[in-house]
Structures are given as structure tokens and as C-alpha cells.
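Letter by letter, the chains look like this.
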Amino acid sequence: MPVGLFRVCLLVITAIVNHPLFFPKENGTVPENTEEIIQKMKEREESLRLEQLRLEQEIADQEATQKALEKAAVVEEESKEGKVRWDMWTALSMVIFLLIELWRQDFQEGNWQDTGGEEDDMAVLGKAFKGVAFPNKAVLASFYEKRILATTGDMARMREMVEGFADDLLEALRSVCNRDADMEVEDCMGVGSMYENWRVRKPFVCDLIVPFAPPEPYCFCCQTWCSGDSFPPDEQGYGTIKVCRADEDVTGCICDKTKLGEDMLCLLHSQVSSTKPSSEMEDLLCFKNTQYLDADQVMKWFQIAVTKAWNRISHKYEFDLSFSLLDSPGALKIKFKSGKSIAFNLTPVVQYENSDVYFISHFPRSSLAADVPSSTHWFLTFAVYERRFIQLVSKTLPANACHVSCLQILSFLHGKQCSLTGPSGLTNYHLKTVLLHLLQARPSQDWAPENLEARLQDMLKFLEKCLHEKKLYHFFIGNGKVPAELGFPVIFQRAEPLNLFRPFVLRRDIYRKMVDTFHEMLRNMSALINEYTVHIPLAHTNGIRKEPL
């Protein structure tokens, strides 16, 4: 607009300057070339008009461009504001979702011990196998008497024979070991199904654990995943064992964490009390260039020591002893001249502090610790406390309670199904964990012998629920309701519950196989039980209805 005003003023000034009256009167005569001047003025006026039009067009173009830029800026600002609002709502939605998920998990974990104790909870379960005919009480009683009791009668005699031989073998092992350099071996303890009286499948195998300790002046400093230091999720349930001197500060001096310099010495630690050279630490069965106990080295040492011990006492016995499985270093087999054999497992363990929790190098015949992070990571076993809990609860149950019978029947069915369709991720330890949960959740009178059918259904329904949710929590870890009489370590009671089904969450193929095996077992249950059941007269089954699960 200012440019346009300037052009108008310029035209007015030009007109005034060129007007005839502007000249003095003495020059009033009209020149002879008036027409020529007028023509030039018209041409000049036309050129100025064209220039004005050009400038006005340029101004209009500039204003249009400016408006377009302002409009684009406004659109971009609105899109930014919309994106910010969208990002904010997305983040808020994610936070709300995470809070709901955390609350749901906390709620489930806070009530996981009570899932098996309510009849209403059990009523909504079992939908996956509706229509499956469940054996009645008479059929189950006949099956248990013929198949279970008939095959487990000689378990006590076998346990006694194996324990006596193991004690003799360990005594010989102590005699062949160097007391000043080798590990010190303690007495063995029986754990597992053979000592909890629910083993049903042959061959019967006794599981014995052998605690050992380092020679003086060394000691074991144990660290678990729940001791305060951060452990990855795949290392939950594991721990490490550090070999230290008895006079060494376990927490560690600052000289171990700070570079003091070559010309500075720690006043608390002299060169005499410094860490042993790498070769001596390896002699103490540690991983190379570390102070951490190596499970592989321990098993090699134990195999060599057992072989030497057997060579010393073999002349006393009329049978042979050999290692039966290459992938289970502690698996031993006694072979009699008659051709019969007895298998048992002798596994070295390390005691956790002053408790009956033990670090175990491997689990014989089990995939429970199949994916060990490294040979310096040891799995913790609570087998001694599991045995004591079953013994403690059994004292409060009615005579001839059905809790062991339920576990035996379920273990037999699962083993038979695995022999037909192949092994799955589901193990007998999972089945025992289900029983431990139900023993704590249900009143004592519910385990009367006449309730065998109902309790077996409860175990199957509870297991189905765990498979559906992919959650089966370890009975002791994170369980604040463990009886005080057991003297169970508080550190494990306060730990986060350990999900035994966690390895199957990411391994969908194994999980699918486990679920399929479970459903196949349910469908074949009646056929498997009837195969080992004597004929029952019709009069004995009248009035007993076969109820589907």
C-alpha cells in the first residue's frame, strides 16, 4: 500500500511540474512543439501506469505468498499440537494399562495360596475336558490296590540296602581323599519320591544328596538371587558359591574395589592373606581365574573320588558298580550276578548357611534345571523341607489319608501317557507342587480316604488352571504361610514367588506339547486305569455315578 501512494504522489508532482501555468507569464507563449510535448507526456503517463500495475501485481503476489506461508505455519502448528496430544494420550493409556497389569499380578500373587481352597474357584475349572468320564470310587480303589500297592511293597527294603551301601562308599571316599587338600564329604540324605513314598514307576531309583565343604582354612560364601543383588529373570532360583578364606572379610575390603597404586599397601590385608594363585583356586574346583565354585569341576572330582572309593571296597561285595548315565554324573548302578540291578543317584550339594536348603549341581532325570546359565550357577533345592512338610502335614490328616494316593495315581497316569506320546515339559515335580499347594489350602478332613475321587479331581483342575495361566508357583519361595515348625529361612519366604512355568512362556512348542499331553492323559485316563483294574461286580458300582470333570 505505501508503494501505491508513492506512485500517485509521483504522478501528481509530474503533472504539476509540466503544467503550462507553472511557467512565468513572460514565458506564456506556447511553444511550437506543444503536440510533441503532449505526446511525450501521454507516453510517460502510460509507462508509469504500466509500472504501477506491475508493482501492484508484485505486491499482490507477495501478499498471497505471505498468506500461504502463514497458513502452512498454522497447519503445521496444529499438527504438532495434535501429535503432542496424541502422544500424551498414548503414553497415559500405556501407563494406565501397566498399572492395571501390575495390580492384577500383585492381586494374583497375593492370593495364589488360596486358589485351591475355594469350592467356587474349583467349580469354574475343568471346562477344557467336559464330558471326560472320571473313574468312580470303586474303580479307583481297585486300581490303587492292584497297580500301586502291589508294586511298591519292596521300596523300604531297597532304600535300606542303598543307604547302607552309600554310607560304606562315602566312608571309603573319605579315606582315599587328602584331608588337607580335597573337599570334606558329609553323610548322605535321601530325598525325592522314594523317601516321600509316592514313587510308582519302575525302575525305582533312590536320590541321595551328599553335602561337602572345602578344606581348612577355606569356606563357602553363598549368594542367592534373592539376597539383594540384581539377577536376570532367567537366573531366578539360582545362586553362586564363592570360595573364600575363613579369615577373609566376606563383604570385601575397599582395597579390592579401589586401585591403590603400586607403592601403597592395605593395612588390613598383607601379602600373606591375599587371594591364592589361579592354580590353587582351580585345585579347589573353582572356575578358571575366578573364586566361584564350578559345578562341572565338582562332578569330575566326585566321579574320580567315587571310583577310587569303590576300588578300595569292591572286594567286600559280590556285585559290580558302574556309572549308568553319561549326562548324569552321579547316576550309579549296582549290577548283581543274577542279572538284576539297582539304580541310585549320588549327587554332591553345598549347604546354604545353616539351613537345609542346598545348592545342587544338576537334577537327575529332570528338565527342571536344563538351561543352566553357566557352570558357576547352582540351582537351589528345597527337597529336604518338602519331605518334612509332607511328614508334618500327614500327622494332622485322618488315618489312611488319600493325599499320597492322589499323587501316585496322577504320577502313574502321566508316566503312562508320556510313554505313549513322548516326554513333555510337565514333570513329577510339577505334580508334587500341585499337591503341596492343595495340602496347605484344604482342611485336614478333606483328605479322608473316601474323598480320593474328589481330591484327584481337584489336583487335575488345579493343574489345568496353572497350565491355562502358565503359572505354577514354587511352594516355598514367596510363601509366607510355611509352618514355623519347619524352620524355613525367612529370606526365601520374603522373596518374589518363583513361577515354575516361566521357561515355557517363551518356548511355545514345549508349552503346546505339555498342554496336549495333559489333555491326552485326561482322554485316556479311564482306559489306562481299567487296564490295571480287576473286574468289579455290577452290584458294587450300582448307585455310584460316573461324573465328568
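As the structure is a prediction and not an experimental result, all values here were calculated from the model.

What counts and what doesn't
- Residues numbered from 1 in each chain as written.
- Predicted model: local features only at pLDDT ≥ 70, side-chain atom pairs only at ≥ 80, totals over all residues.
- Heavy atoms only, no water.
- Helix = DSSP H or I, 4+ residues; strand = E, 2+ residues; numbered from the N terminus.
- Buried < 20%, exposed > 50% of the residue type's maximum accessible area, 1.4 Å probe, protein only.
- Contact = heavy atoms within 4.5 Å.
- Areas by Shrake-Rupley, 256 points an atom, 1.4 Å probe, with all protein chains shown as cover.
- Phe/Tyr/Trp six-rings, centres within 6.5 Å; stacked < 30°, edge-to-face > 60°.
- UniProt positions renumbered as here; feature names shortened; annotations may be inferred.
- Pairing = 2+ DSSP bridges.
- Salt bridge = Lys/Arg side-chain N within 4 Å of Asp/Glu carboxyl O.
- Core = buried A, V, L, I, M, F, W, Y, C linked by side-chain atoms within 4.5 Å.

Asks: Just to check I follow, could you spell out the overall build of the chain for this structure?
Replies: Along the chain, the regular secondary structure elements total 16 helices and 10 strands. In the chain, buried positions account for 43% of the 549 residues. Taking the intrachain contacts of the chain between residues at least 6 apart in sequence as the baseline, contacts between residues at least 24 apart amount to 72%. Entry remark: accessible area of the chain is about 31,800 Å², with carbon and sulfur atoms responsible for 56%.

Asks: Before we go on, may I ask you to explain the packing of aromatic side chains in this structure?
Replies: Remark: the centre distance and the inter-plane angle together describe each pair of aromatic rings, the angle taken between the planes. Scanning all chains against the criterion turns up 27 aromatic pairs. Measuring from centroid to centroid gives 5.4 Å for phenylalanine 165 and phenylalanine 319, while their planes differ by 75 degrees, and the two rings are edge-to-face. In this pair, phenylalanine 165 is assigned in helix α5 (residues 155-176) and phenylalanine 319 in strand β6 (residues 319-323), connecting sequence segments 154 residues apart. With a relative accessible area of 3%, phenylalanine 165 lands in the buried category. A relative accessible area of 9% means that phenylalanine 319 is categorised as buried. Plain terms: the ring middles of phenylalanine 382 and phenylalanine 492 are 5.4 Å apart, the flat faces sit at 85 degrees to each other, and that makes the pair edge-to-face. Highlighted residues: phenylalanine 382 in the loop between β10 (378-381) and α9 (383-394) and phenylalanine 492 in helix α13 (residues 490-493), separated in sequence by 110 residues. In this structure phenylalanine 492 comes out as buried when scored by relative accessible area, which is 0%.

Asks: Just checking my understanding: could you explain the UniProt feature "coiled-coil region" (unreviewed entry) in the chain for this structure?
Replies: Under the UniProt annotation, the feature "coiled-coil region" (unreviewed entry) is placed at residues 38-72. Secondary structure within residues 38-72 divides into 100% helix and 0% strand; the distance between the first and last C-alpha atoms comes to 51 Å.

Asks: What exactly am I supposed to notice about the pairing of strand β3 (residues 205-213) here?
Replies: Working note: regular strand, side chains alternate between the two faces of the sheet. Within β3, eight of the nine residues are buried, which leaves the element mostly enclosed by the surrounding structure. With two bridges connecting them, strand β1 (residues 184-185) and β3 associate as antiparallel partners. Its bridge partner being in β3, valine 185 is matched across the sheet by phenylalanine 212. Note: strand β2 (residues 189-191) against β3, three bridges, orientation antiparallel. Looking at β3, one finds that methionine 189 is bridged to isoleucine 209. Across seven bridges, β3 lies against strand β8 (residues 341-351) in parallel orientation. Its bridge partner being in β8, proline 211 is matched across the sheet by valine 349.

Asks: Could you clarify how one ought to interpret the environment of leucine 321 in this entry?
Replies: Following the sequence through the fold, leucine 321 ends up in strand β6. With a relative accessible area of 14%, leucine 321 lands in the buried category. In the structure, leucine 321 is positioned 11 residues away from tryptophan 310 in sequence and 7.6 Å away in space, judged by C-alpha atoms. The residues touching leucine 321, leaving out its near neighbours within four places in the chain, are Phe165, Leu169, Trp310, Leu332, Lys333, Ile334 and Phe344.

Asks: What should I look at first to understand unusual backbone geometry in this one?
Replies: Leaving glycine out, the prevailing phi sign among residues is negative, and the prevailing peptide bond configuration is trans. In the segment running from lysine 202 into proline 203, the intervening peptide bond is cis, with an omega of 5 degrees. Tracing the chain through its elements places proline 203 in the loop between α6 (193-196) and β3. The omega torsion across glutamate 216 and proline 217 is 5 degrees, close enough to zero to call that bond cis. Tracing the sequence through the fold places proline 217 in the loop between β3 and β4 (218-224). One non-glycine residue, asparagine 197, adopts positive backbone phi at about 65 degrees. Assignment of secondary structure puts asparagine 197 in the loop between α6 and β3. Note on asparagine 197: relative accessible area 42%, which makes it partly exposed. One non-glycine residue, lysine 470, lies in positive phi territory at about 55 degrees. Within the secondary structure, lysine 470 sits in the loop between α12 (452-469) and α13.

Asks: Whenever I open this one, the pattern of salt bridges confuses me. Can you help?
Replies: Opposite charge on two side chains lets them pair, provided their charged atoms get close. Tallying each qualifying case throughout the model produces 16 salt bridges. With a shortest N-O distance of 2.5 Å, glutamate 58 and arginine 54 are connected by a salt bridge. Taken as a pair, glutamate 58 and arginine 54 lie in helix α2 (residues 34-110) at a separation of four residues, close to a single helical turn. Residue glutamate 58 is classed as partly exposed on the basis of its relative accessible area, which comes to 35%. Overlapping salt bridges, with partners in common, bring together Arg442, Asp446, Arg455 and Asp458 in one network.

Asks: Looking at this structure, I do not really get the nonpolar core. What am I missing?
Replies: Nonpolar side chains tend toward joint burial in soluble globular proteins. Membership of the largest hydrophobic core comes to 115 residues, with the highest contact counts inside it found for Leu169, Leu293, Phe344, Leu346, Phe476 and Phe492. Apart from the residues lying within four places of it in its own chain, the contact partners of phenylalanine 476 are Phe382, Tyr385, Glu386, Phe389, Val482, Leu486, Phe488, Phe492 and Gln493. Formed by 10 residues, the second largest nonpolar core is a distinct cluster that contains Ile360, Phe363, Phe379 and Val384.

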